[in-house]
Amino acid sequence: MDWHLLGLSFITVFLSELGDKSQLAAIALSGRCNSPRAVFFGAAGALLLTSLLGSLAGGAVAELLPTRVLKAIAAVGFAILAARLLLFKNEPSADSEQIP
């Protein structure tokens, strides 16, 4: 096993998951229920499954495309998201439902 890659993956995912929507959802769910253990196991299972799917998909795509192309696609995708967040107003439309 590549321990460096394991550590790098752990640190990357750990830091990217801190304070994200799924963590806030888990906080809200555990605050409203009497079984925070069930919320923990549900959230941990979901993160494990999404990580498994992501790593399998990444491995499959890596067989088809060179790493440099994958990095370029990811860079362009993040640049598009950043430009969209910076340049366009993300206000809800009048016909969208408002959640209290």
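Only a predicted model underlies this, so the values are computations on that prediction, with no experimental measurement involved.

Asks: When you look at the overall build of the protein chain in this model, what are you seeing that I'm missing?
Replies: What the protein chain contains, in helices and strands, is 4 helices and 0 strands. Shown N-terminal to C-terminal, the secondary structure of the protein chain runs as helices and strands in the order α-α-α-α. Evaluated residue by residue, the protein chain yields a buried proportion of 2% over its 100 residues. Carbon and sulfur atoms make up 71% of the accessible area of the protein chain, which totals about 9,100 Å².

Asks: Any chance you could explain helix 1 (residues 3–17) here in plain terms?
Replies: One full turn of an α-helix is made of 3.6 residues, so residues set three or four places apart face in the same direction. With 15 residues, helix 1 should cover 21 Å at 1.5 Å per step; its first-to-last C-alpha distance of 21 Å lies within 8% of that length. Measuring from the backbone nitrogen of His4 back to the side-chain oxygen at the start of helix 1 gives 3.3 Å, which picks out Asp2 as the cap. At the C-terminal side of helix 1, Gly19 shows a positive phi close to 75 degrees.

Asks: Looking at this structure, how should I read a nonpolar patch on the surface?
Replies: Nonpolar side chains collect at one region of the surface, where Phe10, Ile11, Phe14, Leu15 and Leu18 lie side by side and expose about 550 Å² of accessible area between them. As for its position among the elements, Ile11 is in helix 1.

Asks: It is not clear to me how the packing of helix 2 (residues 21–32) against helix 3 (residues 36–64) should be interpreted in this structure. Could you clarify?
Replies: Pairs of packed helices are described in terms of their axes, by the angle between the two and the distance that separates them. Where helix 2 contacts helix 3, the axes come no closer than 8 Å and their chain directions differ by 155 degrees. Judged by the angle between their axes, helix 2 and helix 3 are roughly antiparallel. Relative to helix 3, helix 2 is oriented so that their crossing is right-handed. Side by side, helix 2 and helix 3 meet where Ala26, Leu29 and Ser30 of the first sit next to Pro36, Val39 and Ala43 of the second. Within the contact of helix 2 with helix 3, the residues separate by chemical class into 5 nonpolar, 1 polar and no charged.

Asks: Where do I start with the UniProt feature "transmembrane region" (unreviewed entry) in the protein chain in this structure?
Replies: Cross-referencing UniProt, the feature "transmembrane region" (unreviewed entry) maps to residues 38–62 and 69–87 in the present numbering. End C-alpha to end C-alpha, residues 38–62 measures 36 Å, and it is 100% helix and 0% strand. With 100% helix and 0% strand, residues 69–87 has end C-alpha atoms that lie 27 Å from one another.

Asks: Just checking my understanding: could you explain the packing of aromatic side chains for this structure?
Replies: Two measures describe an aromatic ring pair: the distance that separates the ring centres and the angle between the ring planes. Applying the stated rule across the entire model yields 2 aromatic pairs. Ring geometry for Phe10 versus Phe14: centroids 5.8 Å apart, planes at 10 degrees, classification stacked. Taken together, the residues Phe10 and Phe14, both in helix 1 and 4 residues apart, mark about one turn of the helix. The partly exposed category is assigned to Phe14, whose relative accessible area is 45%.

About the thresholds
- Residues numbered from 1 in each chain as written.
- Predicted model: local features only at pLDDT ≥ 70, side-chain atom pairs only at ≥ 80, totals over all residues.
- Heavy atoms only, no water.
- Helix = DSSP H or I, 4+ residues; strand = E, 2+ residues; numbered from the N terminus.
- Buried < 20%, exposed > 50% of the residue type's maximum accessible area, 1.4 Å probe, protein only.
- Areas by Shrake-Rupley, 256 points an atom, 1.4 Å probe, with all protein chains shown as cover.
- Expected span 1.5 Å × (residues − 1).
- Polar contact = N/O pair within 3.5 Å; in protein donor to acceptor, adjacent residues only side chain to side chain.
- Patch = residues over 30% accessible without salt bridge, like charges linked within 9 Å, V, L, I, M, F, W, Y side chains within 5 Å.
- Salt bridge = Lys/Arg side-chain N within 4 Å of Asp/Glu carboxyl O.
- Axes fitted to C-alpha atoms, helices over the stretch in contact; angles between N-to-C directions.
- Parallel < 35°, antiparallel > 145°, perpendicular 65-115°, else oblique.
- Left-handed = near helix turned anticlockwise from the far one by under 90°.
- Contact = heavy atoms within 4.5 Å.
- Nonpolar A, V, L, I, M, F, W, Y, C, P; charged D, E, K, R; others polar.
- UniProt positions renumbered as here; feature names shortened; annotations may be inferred.
- Phe/Tyr/Trp six-rings, centres within 6.5 Å; stacked < 30°, edge-to-face > 60°.

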